[in-house]
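Listed below are the residues making up each chain.
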Amino acid sequence: MVILLGILLFLHACRKQQAPARVTQEPLVYDLPHIREKGELTVLTLYSSTSYFIYRGEPMGFQYEPAQQFAASLGIKLTVEVAANVTELVDKLLAGEGDLIAYNLPVTREWKDTLLYCGEEVITQQVIVQSTARKGKPLQDITQLVGKDVYVKPGKHEDRMINLDQELGGGIRIHAVPNDSVTLEDLIAQVARGEIEFTVCDNDVARLNKTYYPGLDINLTVSFDQRSSWAVRKECTELAEAVNSWHEANVTSPAYTASTKRYFEISKSILHTPILSISDGRISHFDELFRKYSGELGWDWRLLASLAYTESNFDPNAVSWAGARGLMQLMPGTARAMGVPAGKEQDPEENVKAAVKYLVLTARSLSTIPDEKERLKFILAAYNAGLGHIYDAMALAEKYGKNKYVWQDNVETYILLKSNEEYFNDPVCKNGYFRGRETYNFVREVTSRFETYRSKIEG
């Protein structure tokens, strides 16, 4: 028995000596070389008016465009993944669901331990939004807010105003507006119209909204500076270096400068002035084109004329901030898809013909709307916003117990709410943020002007 036990111990020792040493494998670092090999850069961002959104079926946004330019510089494809909030944005990056955060991510001590910030460092602040048309000069010092009414949305802007009020010893009349049907952009519009005197928002949002409402004053800062930039995972040093090098070389490039101007400088408001007097029996120089092509839609030609006027003021050379061109303001992708020859995007007949073709396709996509008059409003809304946002608004209307086949006071309510993150992040929404005020007004303007044309111009 003792001998047998000795033999077993000897064999066990031999096997232990022959066993290969266990090799500890280092985790794979998925950096720039792997991204180049894959041929695809996945960026993570958030839906917002300044970062990323879909406009008339085309992706846009001040964070999206530089990301697209950076990917093009690497000769690879860009893919966009959208998170619901900043925390999820970071979680997705660390989980490997994206390569680069293309969003102004706040620089914090916590995230500096796990992330590598890169690209342009942006300084953001909260600012008072006020009108230059209000009685008295615009406020120039935060102490002047004492005794004033400031309307804010709950969250960081309300928190900041409460803290500021305490710092000043009280006296600021802070009105939190928790109503979900009132968005931050609604508050800014109310300031522009003189309905309220003051609201608060981040300076980049303020700059963008000033392109819609040039009479805004956004110079009074009410918060400390917050540094922010893009970010990658800590181990992705080559990708971070590439982003830094690209930004340094391209921050003054024509493409980057054009993006800055598109969102923060070019006016987005259209001043409508009549070109011809309808008392002369004509609406525009292009009446014959509207007569020629409106039949393909089954529309009164005066409705097509009203649409054109609302889009371009009958200017065939008009180019919008987003790049839409011509009488009917076709986006470049839409013009190509509708067969407009290269270089003919602003040719009046080609532009109208393509717009009618697009309207016919849009009408087919909305054929489930039973009432013809209602369907027309949806077609107009989709022409202005893109079908995706209209489908989202219909889905929201249905979810909240409204008739998704009726526009006024039903679906139009939810196209307005698509600038509110509670709504555009709803699971029933597939197309994210949208500035719905433009579409809301557009439908009303086109239909109202059509009634004016119809009452004064013979069919």
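Structure shown above.
All of the points below concern the structure found in this document.

The rules behind these values
- Residues numbered from 1 in each chain as written.
- Predicted model: local features only at pLDDT ≥ 70, side-chain atom pairs only at ≥ 80, totals over all residues.
- Heavy atoms only, no water.
- Phe/Tyr/Trp six-rings, centres within 6.5 Å; stacked < 30°, edge-to-face > 60°.
- Buried < 20%, exposed > 50% of the residue type's maximum accessible area, 1.4 Å probe, protein only.
- Helix = DSSP H or I, 4+ residues; strand = E, 2+ residues; numbered from the N terminus.
- Lys NZ or Arg CZ within 6 Å of the ring centre and 35° of its normal.
- Pairing = 2+ DSSP bridges.
- Right-handed = clockwise from strand over helix to strand, strands pointing away.
- Axes fitted to C-alpha atoms, helices over the stretch in contact; angles between N-to-C directions.
- Parallel < 35°, antiparallel > 145°, perpendicular 65-115°, else oblique.
- Left-handed = near helix turned anticlockwise from the far one by under 90°.
- Contact = heavy atoms within 4.5 Å.
- Nonpolar A, V, L, I, M, F, W, Y, C, P; charged D, E, K, R; others polar.
- Core = buried A, V, L, I, M, F, W, Y, C linked by side-chain atoms within 4.5 Å.

## Focus on the packing of aromatic side chains
Inspection of every chain in the model, using the stated rule, returns 20 aromatic pairs. The interplanar angle of 15° and the centroid separation of 5.7 Å between the aromatic rings of Tyr47 and Tyr52 together place this pair among those described as stacked. The same class applies to Tyr47 and to Tyr52, which are both buried. Taken together, a centroid distance of 5.8 Å and an interplanar angle of 10° make the contact between Tyr400 and Tyr414 stacked. Separated by 14 residues along the polypeptide, Tyr400 in the loop between α16 (387-399) and α17 (407-416) and Tyr414 in helix α17 bring together distant segments of the chain. A cation over a ring is seen here: Arg207 above Phe264, with NZ or CZ 4.3 Å from the ring centre. Sitting over the face of the ring of Tyr212, Lys268 holds its NZ or CZ atom 5.8 Å from the ring centroid.

## What about the pairing of strand β8 (residues 149-152)?
Of the two faces of β8, only the one carrying Val150 and Val152 is buried; Asp149 and Tyr151 on the other face are not. Where β8 meets strand β9 (residues 173-176), 4 bridges bridge the pair, whose relative direction is parallel. By the bridge assignment for β9, Val150 is matched with Ile174. Between β8 and its parallel partner β9, the chain crosses via helix α6 (residues 156-167), and the hand of that crossover is right-handed. Relative to strand β10 (residues 198-202), β8 is paired through 2 bridges, and the arrangement is parallel. What sits directly across from Tyr151, in β10, is Thr199.

## Re the packing of helix α11 (residues 287-294) against helix α12 (residues 301-312)
It is the contact of α11 with α12, at a shortest axis distance of 8 Å, that shows an interaxial angle of 120°. Relative to α12, the element α11 is oriented oblique. Two packed elements cross with a definite hand, and for α11 against α12 that hand is right-handed. Seen from α11, the contacting residues are Asp287, Phe290, Arg291 and Ser294; seen from α12, they are Trp301, Leu304, Ala305 and Ala308. In terms of residue class, the contact of α11 with α12 is built from 5 nonpolar, 1 polar and 2 charged.

## Overview of the environment of Thr368
Structurally, Thr368 is set in the loop between α14 (348-365) and α15 (372-385). A relative accessible area of 54% means that Thr368 is categorised as exposed. When the C-alpha positions of Thr368 and Tyr405 are compared, they lie 8.5 Å apart, and in sequence the two are 37 residues distant.

## A short note on the sheet that holds β8
Reading across from one edge, β9-β8-β10-β7-β11 is the order of the 5 strands in this open sheet, with mixed pairing throughout. Whereas interior strands pair on both sides, the edge strands pair on one side only; in this sheet they are β9 and β11 (216-221). In this sheet, neighbouring strand axes are inclined to one another by 35° on average, regardless of whether the strands run parallel or antiparallel. α6 rests against β7 (126-131), β8, β9 and β10 of the sheet, and its axis sits at about 115° to β10. Of the strands in this sheet, β7, β8, β10 and β11 touch helix α7 (residues 184-192), which is tilted by about 135° from β10.

## Some words on the environment of Lys357
Here Lys357 is to be found in helix α14. The exposure class of Lys357 is partly exposed, given its relative accessible area of 41%. Each C-alpha atom of the pair Lys357 and Gly170 lies 60 Å from the other, and the pair is 187 residues apart in sequence.

## Focus: the sheet that holds strand β6 (residues 115-124)
Strand order in the open sheet formed by 5 strands is β4-β1-β5-β12-β6, with mixed pairing between adjacent strands. At either end of the open sheet lies a strand with only one pairing partner, and these are β4 (77-83) and β6. Neighbour-to-neighbour, the strand axes of this sheet turn through a mean angle of 25°, independent of strand direction. The pairing of β6 with strand β12 (residues 226-233) spans 7 bridges and is antiparallel. Across the sheet, Thr124 pairs through a bridge with Gln226, a residue of β12. Strands in contact with helix α4 (residues 86-94) are β1 (40-46), β4, β5 (100-106), β6 and β12; relative to β5, the strand with the most contacts, it is inclined by about 140°. Strand contacts of helix α9 (residues 237-250): β5, β6 and β12, with the helix running at about 30° to β6, the strand carrying the most contacts.

## What about the pairing of β7?
β7 sits mainly inside the fold: 6 of its 6 residues count as buried. Side chains Gln126, Ile128 and Gln130 of β7 all project onto a buried face; the interleaved residues Val127, Val129 and Ser131 project onto the opposite face, where all are buried too. In terms of strand pairing, β7 meets β11 through 4 bridges, oriented antiparallel. Paired with Val127 across the two strands is Thr221, which belongs to β11.

## Thoughts on the nonpolar core
Formed by 95 residues in total, the largest nonpolar core has its most connected members in Phe290, Leu304, Leu307 and Met328. Those residues in contact with Leu304 that lie beyond four places of it in its chain are Phe290, Ser294, Leu297, Trp299, Met328, Val352, Val356 and Leu359. Leu46, Tyr103, Leu105 and Tyr117 belong to the second largest nonpolar core, which has 14 residues in total.

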